[in-house]
Amino acid sequence: QRRNYHEKVLDHYSRPRNVGTLDKSDVSVGEGLVGAPACGDVMRLHIKVDPDTQVISDVRFKTFGCGSAIASSSYLTELVRGMTLEQAARIKNTEIAKELCLPPVKLHCSMLAEDAIKSAINNYYKKNPSVKTTNLAGTAAKLETAAAA
Ligand code: FES
């Protein structure tokens, strides 16, 4: 029996928000590049950060992956725009999966989105070492190492 995807997934999949890239040579742009070992899908996320407020002012993604991964990244871009880096670093994949009503077998697709935002935040902190980093950035560093391995 074929499982029907929730309309929210289909909506984000057929009309993905904020697809594209930002200029990563810009010091205020952080890049996250992560992969899902389970299926080989890849997500790239760019965030532009206001240096004074640490608020994410712009965000773009490109995902080479399944419909749930594309929907998860599209929803993530809507979620993080306007958040501070600290707030965005606390996003859990379960929030994304719940919003999109992802089935258990597609949970790792939302994990890709959580990894991508943490990786982008960590990259921003690396490019801006004067910014006070938090413990959450340490988590992102571990994730990035794991993704690269
Ligand atoms: Fe792997 Fe969706 S099946 S990211």
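Scroll up for the structure.
Worth saying up front: this structure is predicted, and the values here are computed from it rather than measured.

Caption draft 1: Spatial organisation of the pairing of strand E3 (residues 56-64). In this sheet, E3 lies alongside strand E2 (residues 42-49) in antiparallel orientation, the contact comprising eight bridges. Each bridged residue has a counterpart across the sheet, and for Lys48 the counterpart in E3 is Asp58. Counting the residues that bridge the hairpin from E2 to E3 gives six residues, and of these Gln54 lies at a positive phi of roughly 60°.

Caption draft 2: Local environment of helix H4 (residues 93-100). Turning to H4, its buried residues are Asn93, Ile96, Ala97 and Leu100. For H4, the arc enclosing every buried residue in end-on projection is 95°, short of the 170-degree limit, so these residues lie on one face. Following H4 by one or two positions, Cys101 has its phi on the positive side, about 55°.

Caption draft 3: Representation of unusual backbone geometry. Even without a glycine there, the phi angle at Asn18 is positive, about 60°. With respect to the helices, strands and loops of the structure, Asn18 is situated in the loop between helix H1 (7-14) and strand E1 (29-35). Accessibility expressed as a C-beta count within 10 Å gives 18 for Asn18, which makes it partly exposed. Its identity as a non-glycine residue notwithstanding, Gln54 has a phi of 60°, on the positive side. Its place among the elements puts Gln54 in the loop between E2 and E3.

So, how was this worked out
- Residues numbered from 1 in each chain as written.
- Predicted model: local features only at pLDDT ≥ 70, side-chain atom pairs only at ≥ 80, totals over all residues.
- Pairing = 2+ DSSP bridges.
- Helix = DSSP H or I, 4+ residues; strand = E, 2+ residues; numbered from the N terminus.
- Buried ≥ 20, exposed ≤ 12 C-beta atoms within 10 Å, placed from the backbone.
- Arc of directions from axis to C-beta.

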